[in-house]
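# Summary of structural features
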Amino acid sequence: MVEQVRNFIGGTWRDALSGETFVSYNPATESELAHAPRSSVSDVEQAVEAARAAYPGWRLTPAPRRGEILYRVAHILTERKDQLARLMTQEMGKILAETRGDVQEAIDMAYYMGGEGRRLLGYTAPVEMPNKFGMALRDSVGIVGLITPWNFPVAVPSWKMLPALVAGNAVIFKPSEDTPATSAAFVKVFEDAGLPPGVLNLVTGAGEAGAALVNHPDVRIISFTGSTDTGIKVYTQAASLGKKVTLEMGGKNAIIVLDDANLDLAVEAITWSAYGTTGQRCTATSRLIVQSGIKPRLVEALVAKARTLSVGDGLLEATHVGPLVNAKALEKVERYVEIGRQEGAKLMIGGQRPSSERGYFYTPTLFTEVRRDMRIAREEIFGPVLSLIEVASLDEAIAVNNEVRYGLSSSIFTENINAAFRAIRDLTTGIVYINHGTTGAEIQFPFGGTRGTGNGMREAGLVGLDSFTEWKSVYVDYSGRLQRAQIDTEAVLRQTNS
Ligand code: ADP
């Protein structure tokens, strides 16, 4: 049955004002999954109005009460975990184990940020004058616009929505046009948890709706996750309007394997980081930087392991690798595999679609003899394609890791503690793993990347509130007189003793 999705604005579910819709497809079957509102500027304006009306009340709701609603969100998500995971698998393709993990991340984040309802810590510090007190407080900002991708349709919005809400902001959520049904089911959880109307609004649609959010003068913050091209457009436009922006964009993550690595462990980790989620994670491994001594054994083991992976519908428990999200993503992967061939890389396995009548499937692919200047070694492919670059030393491996335009995640396999600590010191990515693949971030640590991956902001962890709060420094002078800046210590002492 094709689902009818609606926008959620001011606590009611509604169609786009134009009545227009778009279709989301199941990438494993290519059948229609949902029809959703194709929102435009006027729908975004309605959502902003609703958010503006709801903001003053939400801002003054005591933060511990806001946190309790987030705990209820966590409970309901836990109850609906399987239902949401199944819907997500049908809408964007990744296998059930992964979609369950996606929902679990939102559950974790709801508990974590629910706890912030009783923290939202500021600080005090000594001040320069007698009879004076100083403190720094986090303040909400107002209306926050969230623009998100399809690959983590619950987890990624949760990293943004939950801190924004606990901090007292009103939110407008514009999810990817590939996942409107999952997004609406996620928003329904907040409605059922008792979030007041207008505090969280859902506006589905394509880039036009996202751009309307970026352009609206009352949306003070934009938090974006998606492709680099769109992210830079959003950043440029938002900057010209003086807005605060958080960006998470591309990755070209590498695993380094040194000669002394635990081979079996490395093979297992590389396989899941490169081919899990069909390579469609921003932290997925797409480069393998391998020291010469271990290379022959590693390639042999990886090819053998890749042969055991079953590609198919993510709803089937036996499937390891689901489809790519849509025809465009599949074409991009096919184009890059062709580029790799033409550049002279050696195809060891994969490089083709499996024989299925329907669905955007692609077999796990490994290229060796990849030179570091090749396009497949530098550009984001976002599919199950791994490029192996051979190096002579740890120094060369680190240089290769650090030379690409992105800086999200990196990893090293070694049994040598000195090499591991040198890697921790010198790998210039936002996330570094030792003896684990590049994927699998935990929400209590900052998530984000250096260089072209982001704009210096981080999500999650202790700093996850920074995107959605402003600092307010408060000075209370209880001296009863106008105290002016004093640099004369003697005078301050005289005043204090008088
Ligand atoms: P992906 O390739 O991962 O779908 P995109 O960057 O195209 O990544 O999309 C990420 C999000 O950005 C989606 O919600 C999409 O609708 C939105 N988007 C696309 N174009 C624009 C734009 N010009 N302004 C704002 N948002 C946009």
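One can find the structure itself at the top, above this paragraph.
Residues numbered from 1 in each chain as written. Predicted model: local features only at pLDDT ≥ 70, side-chain atom pairs only at ≥ 80, totals over all residues. Heavy atoms only, no water.

## So, empty space enclosed by the protein
Over the atoms rolls a probe the size of a water molecule, and in doing so it shows where empty space is left. In total, this model carries one cavity of 30 Å³ or more according to the counting rule given. If you trace the largest cavity, you find 13 residues lining it, with Gly251, Gly279, Ser286, Glu380 and Phe382 closest to the centre. Across the lining of the largest cavity, the residue classes tally to five nonpolar, five polar and three charged. (1 Å grid on protein atoms, 1.4 Å probe; cavity = no way out; pocket = protein on both sides within 12 Å on 5 of 7 lines; lining within 4 Å. Points joined across faces, edges and corners; volume = space filled by probe spheres on them. Nonpolar A, V, L, I, M, F, W, Y, C, P; charged D, E, K, R; others polar.)

## Quick word on the layout of surface pockets
Roughly 1300 Å³ of internal volume is contained in the largest pocket. For the largest pocket, the lining is made up of 45 residues, of which Gly226, Ser227, Thr228, Thr230 and Lys328 are closest to its centre. Among the secondary structure elements, those contributing two or more residues to the lining of the largest pocket are helix H7 (207–215), strand E11 (219–225), helix H8 (228–240) and helix H11 (327–343). Taken together, the residues of the lining of the largest pocket sort by class into 18 nonpolar, 15 polar and twelve charged. Roughly 280 Å³ of internal volume is contained in the second largest pocket. Looking at which element gives the most residues to the lining of the second largest pocket, the answer is strand E7 (residues 132–139), with four residues. Among the residues forming the lining of the second largest pocket, the class breakdown is six nonpolar, four polar and six charged. (Helix = DSSP H or I, 4+ residues; strand = E, 2+ residues; numbered from the N terminus.)

## A word on the site of the ligand
As a matter of local geometry, the ligand sits amid 18 residues, with Thr148, Lys174, Glu177, Ser227 and Thr230 nearest to it. Glu177 is positioned such that a nitrogen or oxygen atom in its side chain is 2.7 Å from an oxygen atom of the ligand. In this structure, Thr230 approaches the ligand through a side-chain N or O atom, which is 3.0 Å from an oxygen atom. Relative to its unbound accessible area of 560 Å², the ligand is 79% covered by the protein chains. Of all the cavities here, the one that holds the ligand is the largest pocket. (Near = heavy atom within 4 Å. Polar contact = N/O pair within 3.5 Å; in protein donor to acceptor, adjacent residues only side chain to side chain. Areas by Shrake-Rupley, 256 points an atom, 1.4 Å probe, with all protein chains shown as cover. Sits in = over half its atoms within 2 Å of the grid points.)

## A closer look at the sheet that holds strand E5 (residues 32–37)
The three strands lie next to each other as E1-E5-E4, forming an open sheet whose pairing is mixed. The strands lining the two open edges of the sheet, one partner per strand, are strand E1 (3–4) and strand E4 (21–25). Taken together, the two bridges between E1 and E5 define a ladder with parallel strand orientation. Each residue of the ladder has a partner; that of Gln4, found in E5, is His35. Docked against the sheet, helix H3 (residues 81–92) engages E1, E4 and E5, running at close to 95° with respect to E5. Sheet contacts for helix H6 (residues 180–192): E1, E4 and E5; angle to E5, the most-contacted strand, approximately 65°. (Pairing = 2+ DSSP bridges. Contact = heavy atoms within 4.5 Å. Axes fitted to C-alpha atoms, helices over the stretch in contact; angles between N-to-C directions.)

## Quick notes on the packing of H3 against H6
At a minimum axis separation of 8 Å, H3 and H6 run at an interaxial angle of 160°. Judged by the angle between their axes, H3 and H6 are roughly antiparallel. Note on packing geometry: the crossing formed by H3 with H6 is left-handed. For the pair formed by H3 and H6, the contact residues are Leu84, Leu87, Met88 and Glu91 on the first element and Pro180, Ala181, Thr182, Ala185 and Phe186 on the second. Within the contact of H3 with H6, the residues separate by chemical class into seven nonpolar, one polar and one charged. (Parallel < 35°, antiparallel > 145°, perpendicular 65-115°, else oblique. Left-handed = near helix turned anticlockwise from the far one by under 90°.)

## Here we look at the packing of aromatic side chains
A complete count under the given rule lists six aromatic pairs for this structure. For the ring pair Tyr71 and Tyr111, a centre distance of 6.0 Å and an interplane angle of 40° mean the geometry is tilted. With a gap of 40 residues between them, Tyr71 in helix H2 (residues 63–79) and Tyr111 in helix H4 (residues 96–116) connect regions that are remote in the sequence. The exposure class of Tyr71 is partly exposed, given its relative accessible area of 31%. With 5.2 Å between their ring centres and 80° between their planes, Phe186 and Phe190 make a pair best called edge-to-face. With Phe186 and Phe190 both in helix H6 and four residues apart, this pair spans about one turn of that helix. Under the relative-accessibility criterion, Phe186 is labelled buried at 0%. Residue placement shows Lys94 over the ring face of Phe152; its charged tip is 3.7 Å from the ring centre. (Phe/Tyr/Trp six-rings, centres within 6.5 Å; stacked < 30°, edge-to-face > 60°. Buried < 20%, exposed > 50% of the residue type's maximum accessible area, 1.4 Å probe, protein only. Lys NZ or Arg CZ within 6 Å of the ring centre and 35° of its normal.)

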